[in-house]
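# Close look at the chain arrangement
Each chain, letter by letter, is given below.
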Amino acid sequence: MNKYDAIVIGAGHNGLTNAAYLAKAGLDVVLLEKNDFIGGASCTQESHEGWKYSSYSYVCSMMRQAIHRDLDLARHGLLIVPYLGTVNFGDGDERLFGYHNEEAAHLELKRHSPHDADAMHRFQADLTRYAQFIRKTLMRTPPDPTSFRPRDIMELLFMGKQLWNLGEKEIYEYVRFFTMSAADFLDGYFESDLLKAAMASAGIIGTALGVKSPGSSYILLHHVMGDVDGSIGAWGLPRGGMGAISESIAGALQEHGGELRMNASVQKVLVENRKAIGVVLENGDELRAPVVVSNLDPVQTFMRLMDKNDLPDGIYKKVANYKTRGSSGKVNIALSAMPKFTGVPDNRYICQGGQGFSGSLVTMERAYDCWKRGRWSDDPFVESVIPSAWDPTVAPPGKHWMSNFVQYCPPELDTGTWTSDDRDQFGQAVIDKIARYSPGFKDLIEHVDVRTPYDMQEEIGLTEGNIFQGELTIDQLLFNRPFPGYAQYRMPVKNMYMCGSATHPGGGVSAVCGANAAREILMDLRRPNTVPEDDFYDE
């Protein structure tokens with residue numbers, strides 16, 4: 001029997017971050033991963049010879065720079081490059097180009113609507129104010145609103161002060177914003193349907209909501225409050241694929257003496273007298289530690305790894321009511337050459353950026369209707385990037401890899417469990433959507449790798465394939481995440497913690513959940529805190 005100071009279950013990027021900070025504090029830490037690769041959804045895999053796919057997650061924005069610098073991830077090989085322009089495709093011949101240059105962006109919007117070109121400044125100013133408030137809560141432990149402990153009272157006062165600083169009018173608008181649909185929110189600013197569709201896409205990524213569903217406006221905010229090198233709202237691509245993020249954090253973990261075990265699937269969390277004391281692996285090995293941390297979601301943690309009799313009354317019901325509806329698929333395509341798109345100039349700022357096959361708000365809502373009926377979308381929303389346009393490490397010379405994130409795709413079909421034929425048909429629907437705007441696209445295809453929510457659950461343990469380990473709806477945010485009474489990373493069993501995206505502040509490749517949980521663990525152990533404070537350079 002091996003003994004450690006802490007055991008962390010699951011080597012996703014949050015589990016890696018948690019283990020790295022515990023090791024940095026001097027704890028003897030072991031990180032257990034069931035697969036033969038690390039990173040969970042933030043991984044890079046060679047699914048086709050010569051091509052390295054980011055199999056699941058695909059872009060980076062929410063990675064906190066304070067963590068990036070503190071763990072010295074650049075020294076461990078992490079390089080994140082902001083991608084350049086974007087192009088959004090309408091249902092017909094309309095194209096909307098996005099540029100980082102303010103003048104070019106304004107002129108492009110003016111081409112579609114002079115009103116929208118002017119309204120964009122107001123929209124960005126409002127969204128930035130909302131994002132600033134949320135950003136200041138990211139690397140803080142949510143307060144317990146029912147507690148009279150000084151720390152919780154001080155945290156509530158901090159949040160109240162930040163909210164008050166918005167101003168009376170903005171407070172009303174902010175509360176309204178949280179409950180609105182992305183479509184209704186955007187209707188208050190813009191008139192171009194193509195622009196609204198392009199902007200609304202961030203409100204449905206990874207979410208079992210449509211653009212007209214109440215609450216989807218917050219998801220929009222969740223995806224624009226990140227940054228790359230201080231550029232607020234920017235998105236970036238890691239050199240070497242999303243697995244480069246996980247590999248760099250693993251480098252920091254091992255630098256501080258942490259142990260990383262792969263092919264080490266946990267069968268059970270050991271509990272004695274309502275205290276977690278270790279784990280049993282599927283091979284029968286028993287590991288003991290006074291701290292056990294789960295980077296898995298609540299369903300996997302409490303219903304698969306723990307005995308119901310070891311949990312307080314009511315926890316199973318809370319877990320059963322926790323929403324983990326998956327809605328996203330991923331299609332990675334190996335191409336023999338760079339695809340050409342109709343109506344898109346041969347401009348490197350556009351070709352090396354992202355492509356949004358959004359169509360219109362009506363098209364996007366109809367895609368959601370298919371999901372509600374237990375089918376993949378006939379005319380899906382697809383968000384694409386071609387990382388090989390600038391990163392030579394992910395595809396053979398002269399060839400390319402197109403990464404496609406797809407809404408919508410159900411975890412279970414109306415006909416039952418996914419079959420290989422179903423998977424192929426879903427992949428073909430995505431290819432057909434892209435080929436509609438790129439004649440000859442199908443002739444360039446050398447390999448297609450399709451991942452459904454079912455695949456995400458089976459391979460990387462995301463229940464129902466929910467990429468956020470639980471929906472980002474208002475009832476599952478802040479002190480309600482994952483459920484009321486357990487939002488401060490401590491779980492119902494003593495010495496048991498959670499550090500994954502099912503905790504505050506939620507999904508996205510940010511490393512914040514893992515870092516926040518490490519801070520709370522070190523506080524409980526009365527060890528010096530090794531987790532940095534966030535920096536607010538956007539004020």
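Here, every reference points to the structure presented above.
Computed from a prediction, not measured in an experiment: that's the story for all the values here. (Residues numbered from 1 in each chain as written. Predicted model: local features only at pLDDT ≥ 70, side-chain atom pairs only at ≥ 80, totals over all residues. Heavy atoms only, no water.)

## A short note on the overall build of the chain
Of regular secondary structure, the chain possesses 17 helices and 22 strands. Against the compact-globule benchmark of 24 Å for 539 residues, the chain has a radius of gyration of 23 Å, which places it among compact chains. In terms of overall dimensions, the chain has a C-alpha envelope of 65 × 55 × 45 Å along the principal axes. Out of the 539 residues in the chain, the part that is buried amounts to 60%. Relative to all contacts within the chain whose residues are 6 or more apart in sequence, the contacts with residues 24 or more apart total 73%. Here the chain displays about 20,900 Å² of accessible surface, and carbon together with sulfur accounts for 49% of that area. (Helix = DSSP H or I, 4+ residues; strand = E, 2+ residues; numbered from the N terminus. Rg over C-alpha atoms; globule rule 2.2 N^0.38 Å. Buried < 20%, exposed > 50% of the residue type's maximum accessible area, 1.4 Å probe, protein only. Contact = heavy atoms within 4.5 Å. Areas by Shrake-Rupley, 256 points an atom, 1.4 Å probe, with all protein chains shown as cover.)

## A closer look at a nonpolar patch on the surface
Among the surface-exposed residues, Phe-148, Ile-153, Met-154 and Leu-157 lie close enough to one another that they form a single nonpolar patch of about 480 Å² accessible area. On the secondary structure map, Ile-153 appears in helix α5 (residues 150-164). (Patch = residues over 30% accessible without salt bridge, like charges linked within 9 Å, V, L, I, M, F, W, Y side chains within 5 Å. Salt bridge = Lys/Arg side-chain N within 4 Å of Asp/Glu carboxyl O.)

## Re the packing of aromatic side chains
Per the counting criterion, the structure on display carries 26 aromatic pairs. Aromatic side chains Phe-178 and Tyr-218 sit 5.2 Å apart centroid to centroid with 15° between the ring planes, which places their arrangement in the stacked category. Here Tyr-218 lies in helix α9 (residues 216-222) and Phe-178 lies in helix α6 (residues 168-179), a separation of 40 residues in the sequence. Exposure remark for Phe-178: the relative accessible area of 15% places this residue in the buried category. Classification of Tyr-218 as buried rests on a relative accessible area of 5%. Ring geometry for Trp-418 and Phe-426: centres 6.0 Å apart, planes at 75°, overall edge-to-face. Note on Phe-426: relative accessible area 2%, which makes it buried. Site record: aromatic cluster; members linked through ring pairs are Phe-123, Tyr-130, Phe-133, Tyr-174, Phe-177, Phe-178, Phe-185, Tyr-189, Phe-190 and Tyr-218. The ring of Phe-158 is capped by Arg-140, whose NZ or CZ atom sits 3.6 Å from the centre of that ring. (Phe/Tyr/Trp six-rings, centres within 6.5 Å; stacked < 30°, edge-to-face > 60°. Lys NZ or Arg CZ within 6 Å of the ring centre and 35° of its normal.)

## Details of the packing of helix α3 (residues 102-112) against helix α4 (residues 114-135)
Orientation of α3 relative to α4, taken along the N-to-C sense of each, is 140°, at an axis distance of 6 Å. When the interaxial angle is binned, α3 and α4 end up oblique. Here α3 contributes Glu-102, His-106, Leu-109 and Lys-110 to the contact with α4, which in turn contributes Pro-114, Asp-116, Ala-117, Asp-118, Met-120 and His-121. A breakdown of the residues in the contact of α3 with α4 according to their chemical character gives 4 nonpolar, 2 polar and 4 charged. (Axes fitted to C-alpha atoms, helices over the stretch in contact; angles between N-to-C directions. Parallel < 35°, antiparallel > 145°, perpendicular 65-115°, else oblique. Nonpolar A, V, L, I, M, F, W, Y, C, P; charged D, E, K, R; others polar.)

## Things to note about the sheet that holds strand β15 (residues 286-288)
In sheet architecture, strand pairing relies on hydrogen bonds along the backbone and comes in two forms, parallel and antiparallel. In space, the 4 strands of this open sheet follow the order β1-β15-β14-β13, with mixed pairing throughout. Edge positions in the sheet fall to β1 (2-3) and β13 (266-272), since each has one partner strand and no second. Pairing analysis gives 6 bridges linking β13 to strand β14 (residues 275-281), with the strands arranged antiparallel. Paired with Val-269 across the bridge in β14 is Val-279. (Pairing = 2+ DSSP bridges.)

## Observations regarding the environment of Tyr-21
By secondary structure assignment, the location of Tyr-21 is in helix α1 (residues 13-24). When the C-alpha atoms of Tyr-21 and Arg-288 are compared, they prove to be 20 Å apart, with 267 residues separating the residues in sequence.

## Observations concerning the state of the cysteines
This model, assessed by the stated rule, comprises 0 disulfides. Cys-60 takes part in no disulfide bond, and the closest cysteine sulfur to it belongs to Cys-513, at a distance of 14 Å. A relative accessible area of 2% places Cys-60 in the buried class. Residue Cys-499 stays outside any disulfide, its sulfur separated by 8.2 Å from that of Cys-513, the closest cysteine. (Disulfide = S-S within 2.5 Å.)

## Points about the side chain of Asp-391
Structurally, Asp-391 is set in the loop between β19 (381-385) and β20 (400-407). Here Asp-391 occupies a buried position and makes no salt bridge, while the nearest side chain of opposite charge, Arg-239, is found at 4.2 Å. For Asp-391, the side chain forms a polar contact with the main-chain nitrogen of Gly-240, separated by 2.7 Å. Looking at Asp-391, its side chain comes within polar contact range of the side chain of Thr-393, at 2.7 Å. With near-sequence residues (within four places) excluded, Asp-391 lies in contact with Pro-238, Arg-239, Gly-240 and Gly-241. (Lys, Arg positive; Asp, Glu negative; His and termini not counted. Polar contact = N/O pair within 3.5 Å; in protein donor to acceptor, adjacent residues only side chain to side chain.)

## What about the pattern of salt bridges?
The tally for this structure, following the rule as stated, stands at 29 salt bridges. Two residues, Glu-446 and Lys-399, come together in a salt bridge whose shortest N-O distance is 3.0 Å. Placement of the pair is Glu-446 in strand β21 (residues 445-451) and Lys-399 in the loop between β19 and β20, with a sequence separation of 47 residues. A single salt-bridge network, built from bridges that share partners, covers Arg-151, Arg-490, Arg-519, Glu-520 and Asp-524.

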